[in-house]
Amino acid sequence: MAHKILVIHGPNLNMLGKREPETYGADTLSDINTALVLHGKNQDAEVTTFQSNLEGEIVDKIQQAIGIYDGLIINPAAYTHTSIAIRDAVLLLKMPVVEVHLSNIYKREPFRHHSFLSDVVAGQIAGFGMQGYFMALDAILHILKS
Ligand code: DQA
């Protein structure tokens, strides 16, 4: 059976392509999602994507993942640095979770250096742009197969 992987994108990531392209790249969110679904298909994984600008909607989506998905990739965007609610929701999950950031948050402003998720996820990938999502998917599938 194909592994089902949920990808959650946080606030302002719907503006990728237009948003600070020097930091986040030229690809749109739709480019990233299309490529991720294809990358999943090539490895017999079913990728579903979701974006929200609202913290509560992200919490709801994480809760709803229980019993449906086998793994979660999440770029909580600015909520990475502020949200205990998203951290607590991730703690509900028994599936592997990988945190992704397009930019290397540790090379940026000090307020981006702390993630409320990094110590409760399987791992974090930061600084590789869109490629980071593929790396996260490969990592989750590797965990699920081992
Ligand atoms: C981001 C990094 C965050 O600090 C920022 O608020 C974002 C995007 C990234 O993908 O590099 O919105 O998560």
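Coordinates for the structure precede this section.
Residues numbered from 1 in each chain as written. Predicted model: local features only at pLDDT ≥ 70, side-chain atom pairs only at ≥ 80, totals over all residues. Heavy atoms only, no water.

Peer 1: What am I meant to see in helix 4 (residues 84-91) here?
Peer 2: Because the α-helix completes a turn every 3.6 residues, residues three or four places apart line up on one side. Every buried residue of helix 4 is accounted for by Ile86, Arg87, Ala89 and Val90. End-on, the buried residues of helix 4 take up no more than an arc of 160°, which puts them together on one face. Looking at the buried side of helix 4, the elements it contacts are helix 3 (55-64), strand 3 (71-75) and strand 4 (97-101). The backbone nitrogen of Ala85 has a side-chain oxygen 3.4 Å away, supplied by the residue at the start of helix 4, namely Ser83. (Buried < 20%, exposed > 50% of the residue type's maximum accessible area, 1.4 Å probe, protein only. Helix = DSSP H or I, 4+ residues; strand = E, 2+ residues; numbered from the N terminus. Arc of directions from axis to C-beta. Contact = heavy atoms within 4.5 Å. Polar contact = N/O pair within 3.5 Å; in protein donor to acceptor, adjacent residues only side chain to side chain.)

Peer 1: Can you help me understand the environment of Asp88 in this one?
Peer 2: Within the element layout of this structure, Asp88 appears in helix 4. Classification of Asp88 by relative accessible area gives partly exposed; the value is 43%.

Peer 1: Help me out: how do you make sense of helix 5 (residues 131-145) in this one?
Peer 2: The end-to-end C-alpha separation of helix 5 is 21 Å, in line with the 21 Å expected for 15 residues at 1.5 Å each. Buried residues of helix 5: Gly132, Tyr133, Phe134, Ala136, Leu137, Ile140 and Leu141, and no others. Residues of helix 5 that are buried in the fold lie against strand 1 (3-9), helix 2 (29-41), strand 2 (45-51), strand 3, strand 4 and strand 5 (123-126). (Expected span 1.5 Å × (residues − 1).)

Peer 1: How should I be thinking about the site of the ligand in this particular structure?
Peer 2: In the vicinity of the ligand, the residues found are Arg19, Tyr24, Asn75, Ala77, Ala78, His81, His101, Leu102, Ser103, Ile105, Arg108 and Arg112. In this structure, His81 approaches the ligand through a side-chain N or O atom, which is 2.7 Å from an oxygen atom. Contact distances for the ligand include 2.9 Å between an oxygen atom and a side-chain N or O atom of Arg112. In isolation the ligand exposes 320 Å². Once the protein is present, 99% of that is buried. (Near = heavy atom within 4 Å. Areas by Shrake-Rupley, 256 points an atom, 1.4 Å probe, with all protein chains shown as cover.)

Peer 1: For this particular structure, what's the right way to read the side chain of Asn75?
Peer 2: By secondary structure assignment, the location of Asn75 is in strand 3. Judged by relative accessible area, which is 3%, Asn75 ranks as buried. Here Ala77 takes part through its backbone nitrogen, which lies 2.9 Å from a polar atom of the side chain of Asn75. Only 3.2 Å separates the side chain of Asn75 from the side chain of Tyr133, close enough to count as a polar contact. Not counting the four nearest positions on each side in its chain, Asn75 is found in contact with Ile8, His9, Gly10, Leu13, Val100, His101, Leu102 and Tyr133.

Peer 1: I would appreciate a short explanation of the packing of helix 3 against helix 4 in the present structure.
Peer 2: Helix-helix packing is described using two parameters, namely the angle between the two axes and the distance between the axes. Two elements in contact, helix 3 and helix 4, have axes whose closest approach is 9 Å; the angle formed by their N-to-C orientations is 5°. When the interaxial angle is binned, helix 3 and helix 4 end up roughly parallel. Taking contact as the criterion, the partners of Glu55, Ile58, Val59 and Ile62 in helix 3 are, on helix 4, Ala85, Ile86, Ala89 and Val90. A class-by-class count of the residues in the contact of helix 3 with helix 4 yields seven nonpolar, no polar and one charged. (Axes fitted to C-alpha atoms, helices over the stretch in contact; angles between N-to-C directions. Parallel < 35°, antiparallel > 145°, perpendicular 65-115°, else oblique. Nonpolar A, V, L, I, M, F, W, Y, C, P; charged D, E, K, R; others polar.)

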